[in-house]
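Survey of secondary and tertiary structure
For reference, the chains in residue letters:
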Amino acid sequence: MRSVIVGALAYAAVIASVSIFLAMVGVSEHLSSGSGPADNWLTAAIIVFGVGICSSIAFTFVTACSPAWRRRSFRFVMLVGIAMAVLAFVFQLVGVGALLSAILIPTSIIRAAPKLGGFLAFAVPGVLGGLIAIGLARRNERSTGKVPTREEN
């Protein structure tokens, strides 16, 4: 279970730091607007926080369900969590998450429960990152032919 926590914290820290950095860059570009810079930064931080939390919860849920992920070493889990956070952020930037959520999430859910629909739309990159992380953990187990323990790694 500690591996799940380490992976989730690594994922959340990277996605939050990259998102906040880009939000600060975006806010600094629009300082000439009518509202103050603190208002712009606060709005961007709230949006970034919401998207990061949704994606991190989805990543944690998907990886916590995998025994292969829970058996991995802390180093493996942390490095893969960081890589998947960067990949999920790229998915969000290029719109893969929005495209997949438009395909996978029925419009009736979004109309009936807008908050749930929004959560699911922002969670898609985390789910994709979690599925890729589980695939990497299983591939590593199959290539070695044995189940690794934390003492071996």
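See the structure above.
To start, this report covers the structure provided alongside it. (Residues numbered from 1 in each chain as written. Predicted model: local features only at pLDDT ≥ 70, side-chain atom pairs only at ≥ 80, totals over all residues. Heavy atoms only, no water.)

Take the overall build of the chain next. Secondary structure assignment for the chain yields seven helices and zero strands. Along the chain, from the amino end to the carboxyl end, the secondary structure elements read α-α-α-α-α-α-α. Here the analysis covers contacts within the chain between residues at least 6 apart in sequence; of these, 79% occur between residues at least 24 apart. Surface summary for the chain: the accessible area is close to 8900 Å², and the carbon and sulfur share equals 72%. (Helix = DSSP H or I, 4+ residues; strand = E, 2+ residues; numbered from the N terminus. Contact = heavy atoms within 4.5 Å. Areas by Shrake-Rupley, 256 points an atom, 1.4 Å probe, with all protein chains shown as cover.)

The topology assignment puts Val62 in helix α2 (residues 37–64). Put simply, Val62 and Gly129 are 67 residues apart on the chain and 8.9 Å apart in space, counted from C-alpha to C-alpha.

Structurally, the position occupied by Ser55 is in helix α2. Between the C-alpha atom of Ser55 and that of Gly130, which follows or precedes it by 75 residues, the distance is 9.7 Å. The contact partners of Ser55, leaving out residues within four places of it in the chain, are Tyr11, Ile15, Ala88, Gln92, Phe122, Ala123, Pro125 and Gly126. There is a polar contact of 2.6 Å between the side chain of Ser55 and the side chain of Tyr11. (Polar contact = N/O pair within 3.5 Å; in protein donor to acceptor, adjacent residues only side chain to side chain.)

Membership of the largest hydrophobic core comes to 16 residues, with the highest contact counts inside it found for Tyr11 and Trp69. At the level of secondary structure, the elements contributing two or more residues to this core comprise α1 (2–29), α3 (67–70), α4 (74–94) and α7 (114–144). In this view, Tyr11 contacts Ser55, Ser56, Phe59, Gly81, Met84, Ala85, Ala88, Pro125 and Gly126; residues no more than four positions away in its chain are not counted. (Core = buried A, V, L, I, M, F, W, Y, C linked by side-chain atoms within 4.5 Å. Buried < 20%, exposed > 50% of the residue type's maximum accessible area, 1.4 Å probe, protein only.)

On the surface, a nonpolar cluster with roughly 860 Å² of combined accessible area is contributed by Ile20, Phe21, Leu22, Met24, Met78, Ile82, Val86, Val90, Leu93 and Val94. The set of elements that each furnish at least two residues to the nonpolar patch consists of α1 and α4. In this structure, Met24 sits in helix α1. The partly exposed category is assigned to Met24, whose relative accessible area is 41%. (Patch = residues over 30% accessible without salt bridge, like charges linked within 9 Å, V, L, I, M, F, W, Y side chains within 5 Å. Salt bridge = Lys/Arg side-chain N within 4 Å of Asp/Glu carboxyl O.)

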